[in-house]
Every structure is written in structure tokens, then in C-alpha cells.
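Here is what each chain is made of, one letter per residue.
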Amino acid sequence: MTAAIAISGLVKDFGPRTRALDHLELHVETGEVHGFLGPNGAGKTTTIRVLLGLLRADDGHVALLGGDPWRDTVALHRRLAYVPGEVNLWPNLTGGEVIDLLGDLRGGLEPKRREELLERFQLDPTKRVRAYSKGNRQKVALVAAFSSPVELYLLDEPTSGLDPLMEAVFQDVVQQLRADGRSILLSSHILSEVEALCDRVTIIRAGRAAETGSFDELRHLTRTSVVVDTAKPLESVTRWPGVHDARAHDGHAEFSVDPGELNHVLEHLVDLQVRSMTTSPPTLEELFMRHYGEDIAAPAADADAEAVTAR
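Below is a short write-up of the structure. Every value quoted in this text rests on a predicted model; they were computed, and no experiment measured them.

1. Observations concerning the pattern of salt bridges
- The tally for this structure, following the rule as stated, stands at 16 salt bridges.
- Between K134 and E86 there is a salt bridge, and its shortest N-O distance comes to 3.4 Å. In this pair, K134 is assigned in helix α5 (residues 134-146) and E86 in the loop between β5 (80-83) and α3 (95-105), connecting sequence segments 48 residues apart.
- With a closest N to O distance of 2.7 Å, E115 and R114 form a salt bridge.
- You can call R114 buried: its relative accessible area is 13%.
- Here the salt bridges share partners, and the residues they tie into one network are D13, R19, D22 and R208.

Here's what the structure looks like:
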């Protein structure tokens, strides 16, 4: 079976001094939800624009649903749906008219599916776009995309502006699409969303794939952050199994712990007489600073280049 997305050695330059994508490798299997993560300016949006045929690769191989996104743009766009994080729509049209227009560009919508999604996302299709909030404009794009019987969804920060209830609806819809064998590339800043939905993830850094694998293979993505105060000294925390990045002084410590070792850590802490403790999943910002912090400032030029192409 042909991979949904196969990128090898992708290079994209903006002028002689700015390399946005530096021999990027990205492989999305048919029927999987693939997370695409990275700090701002790392090259995620540039990659998606290459896949959409909006930018031409300078080097490397790019295959989308078995075709070339630059040469076969029209045919491929009938087989995919794209949702950006910032949705710009026609202000004088109603939400329903926009949904139907976008659907027609892909060869049509499934009417029953359209009505079901309007109800689930609680969107009034009779209002004009200029009256919509950012969240409702995002819903228009999501309903239009998910009403289309396409093979591949390219989602670039798709839940931007949605409230937690609508984010839950979005996750449920994506899980249904995966069960139906659809392929999804999901770029998101919400680590819990990616962890709940994605079969595999690729982390991009300075235009290159830094890591690829499942969450089980990339265990550091799911470590729990712990801040604790105890009555007894905590210096021994640095030697406990499964503990990483520990900073301890007297009865205060901050560290991260592997999921499988959390109970053992709690047993140690009880013996030290816990006074207060907070635990939380890591944010993507913390993840990037912890593992890739030395390189985050480097690709800032990529963000500028992306802004230029957007204009």
C-alpha cells in the first residue's frame, strides 16, 4: 500500500541565507494519525505548504498519496482536506455557503455527514462569516474538511480558538476517521491532544526531523513533572530510577519521572514526609526547552521566511 506521505531529503531555501527545511525526513503511513511537532519557526508550516503544492521543493523527494504535490496539485486536492490554524473566509457568505463551496472544490460533500457535524460542533450555518468568532470560523473549516470523503487530512493547529468541549468533539471525530482508514497529519501545540490521537509523532527541529516514533518509543514525551516539598532532605531523588532533570535542595525538589516509575517515586516520597506536591504532564514548550533548548533560537529566521511567504 502506498504511504500517505513520503518525504525524503526535503530542502527548502528562502534566499541564499535562510534554509527552512534541511533534508527533512517524514513518513506517514496510510490509515495512521501522525503528529508533527516542533517549536515555532522549526519548519512545520513550510512543510505543509510544500505538501499542498504552494511551495516548490528545492531538493529531495516528496510524494503525497502517490503523486507529486507540485505537478499533480489539482488531482491531489480532490483527495485531501486542509485546515489551517488561522482561517480566513469570505465575510459576506454564510457559514453553510462556505462549507458547501469548499466541499464543491473537492468534488462534493456527504450531506448527512455535514448535518451531523454541524450539530456536533454546535455551529449555526445561517450566520454570515463576519459575525463569527475565531472559534466558529475554525468550526466552519473543520466541518467542511470532515464532511468530505477524502483520503488525507492536513491539520495545522486545527483546534486553535476552540473551547475544551469542542476540542473533545474534534478528538472524537479524528478517532472515527482513523477507524475508517483515513490518514491524518496533525500539527499541534497541545501535547495531550497529540498523545491522545497520534499513532506516531515526528519532532522537527531547525528544519530536520529530530526524532520519530510512537509515544512508547519516545518515552520522554510522557514524563510527569513533579514539584514537591518534604520534611526530610530530598537530595537522594537524583538517584531514584526513572527520575530525570532533578533539581533538589533540602526539602524541595523539581524533576520529571517516567510513567512506569511514578508509583515507586511516590513510595520514596511518603517516607520523606510530603508537605506539598503538584504533578502535571509536560507542556510542549517545556519539552522543547528540555530536549532541544540549545537549538530553538537558531531557526527564528524560518519563522520570518514563513511570514514572507504568507504575505
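2. Observations concerning the packing of aromatic side chains
- Per the stated rule, a full pass over the model turns up 2 aromatic pairs.
- Note on F146 and F170: the rings are 6.1 Å apart at their centroids and 35° apart in plane angle, and the pair reads as tilted. Taken together, the residues F146 in helix α5 and F170 in helix α6 (residues 164-179) connect sequence positions 24 residues apart. Each member of the pair, F146 as well as F170, is classed as buried.
- Here the aromatic cluster, defined as three or more aromatic residues joined through ring pairs, consists of F146, Y153 and F170.
- We note K12 situated over the ring of F14; from NZ or CZ to the ring centre the distance is 5.7 Å.

3. Describing the nonpolar core
- Ranked by internal contacts, the top residues of the largest apolar core, which has 44 residues, are F121, F146, Y153, L155, F170 and I184.
- In terms of residue count, the dominant contributor to this core is α5 (7 residues).
- With residues near it in sequence (within four places) discarded, Y153 still touches A81, A145, F146, S148, L177, R182, S183, I184 and L185.
- Grouped together as the second largest cluster of nonpolar side chains are 26 residues, A4, F14, L24 and L76 included.

The rules we used
- Residues numbered from 1 in each chain as written.
- Predicted model: local features only at pLDDT ≥ 70, side-chain atom pairs only at ≥ 80, totals over all residues.
- Heavy atoms only, no water.
- Salt bridge = Lys/Arg side-chain N within 4 Å of Asp/Glu carboxyl O.
- Helix = DSSP H or I, 4+ residues; strand = E, 2+ residues; numbered from the N terminus.
- Buried < 20%, exposed > 50% of the residue type's maximum accessible area, 1.4 Å probe, protein only.
- Phe/Tyr/Trp six-rings, centres within 6.5 Å; stacked < 30°, edge-to-face > 60°.
- Lys NZ or Arg CZ within 6 Å of the ring centre and 35° of its normal.
- Core = buried A, V, L, I, M, F, W, Y, C linked by side-chain atoms within 4.5 Å.
- Contact = heavy atoms within 4.5 Å.

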